[in-house]
Amino acid sequence: MSGLRLAIQIAAASSICTLPAFAAESSYVYCDNGLRCFKAPCPSNSALDLATGTIIKGVSIDASGLPQVDKAIIDQSDVLYSGKIVVRGSIQHRTQTITGKDYSLPWLVATRIVRTAKDSERKHCSSP
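Summary of the structure given here. (Residues numbered from 1 in each chain as written. Predicted model: local features only at pLDDT ≥ 70, side-chain atom pairs only at ≥ 80, totals over all residues. Heavy atoms only, no water.)

1. Observations concerning the overall build of the protein chain
Part 1 of the reasoning: When helices and strands are tallied, the protein chain shows two helices and six strands.
Part 2 of the reasoning: Reading the helices (α) and strands (β) of the protein chain from amino to carboxyl end gives α-β-β-β-β-α-β-β.
Part 3 of the reasoning: Buried residues in the protein chain amount to 35% of all 128 residues.
Part 4 of the reasoning: Total accessible area on the protein chain stands at roughly 8000 Å², and carbon and sulfur atoms take up 59% of it. (Helix = DSSP H or I, 4+ residues; strand = E, 2+ residues; numbered from the N terminus. Buried < 20%, exposed > 50% of the residue type's maximum accessible area, 1.4 Å probe, protein only. Areas by Shrake-Rupley, 256 points an atom, 1.4 Å probe, with all protein chains shown as cover.)

What follows is the structure in structure tokens.
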């Protein structure tokens, strides 16, 4: 009985330790916002956090963690850059060196495609 209790406590403790990773995930509409610039870093992409309504400007996307089925969807069309889909993921800041200067830039790390975006969720995008 004590072995079972210990196993349950270990499982509970490990699930509590992993909660922050899941809590950081949200749903986003990512797209090209139409802005162009002459000097990097450039805020030409943005992501709308559907949970908070916050628009994250100048965000890049890392779609390498998407399941293969979802990768096939974004590879075959412009659904990602036109804001036509909602992706699940989290915002991370990554350091990039651009022309010899370090910048901490936001990245949307996508984990899956959730659904088609509504027109009202695409207002921050440049294309209809």
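2. Regarding the sheet that holds strand 4 (residues 60-62)
Part 1 of the reasoning: Judged by pairing direction, the sheet is mixed, and its six strands sit side by side in the order 3-2-1-5-6-4 without closing on themselves. The open sheet is flanked by strand 3 (55-57) and strand 4, the only strands paired with a single partner. Neighbour-to-neighbour, the strand axes of this sheet turn through a mean angle of 35°, independent of strand direction.
Part 2 of the reasoning: In terms of strand pairing, strand 1 (residues 26-32) meets strand 5 (residues 85-98) through three bridges, oriented antiparallel. Its bridge partner being in strand 5, Tyr28 is matched across the sheet by Val87. (Pairing = 2+ DSSP bridges. Axes fitted to C-alpha atoms, helices over the stretch in contact; angles between N-to-C directions.)

3. A short note on the pairing of strand 1
Part 1 of the reasoning: Burial analysis of strand 1 places six of its seven residues in the buried class, the great majority of the element.
Part 2 of the reasoning: Sheet analysis places strand 1 next to strand 2 (residues 45-49), joined by five bridges and oriented antiparallel. Residue pairing for strand 2: Val29 is matched across the bridge by Leu48.

4. Concerning the pattern of salt bridges
Part 1 of the reasoning: On inspection of all chains with the given rule, the structure shows six salt bridges.
Part 2 of the reasoning: When the shortest N-O distance is used, the salt bridge between Asp119 and Arg122 registers 3.9 Å.
Part 3 of the reasoning: With relative accessibility at 9%, the residue Arg122 sits in the buried group. (Salt bridge = Lys/Arg side-chain N within 4 Å of Asp/Glu carboxyl O.)

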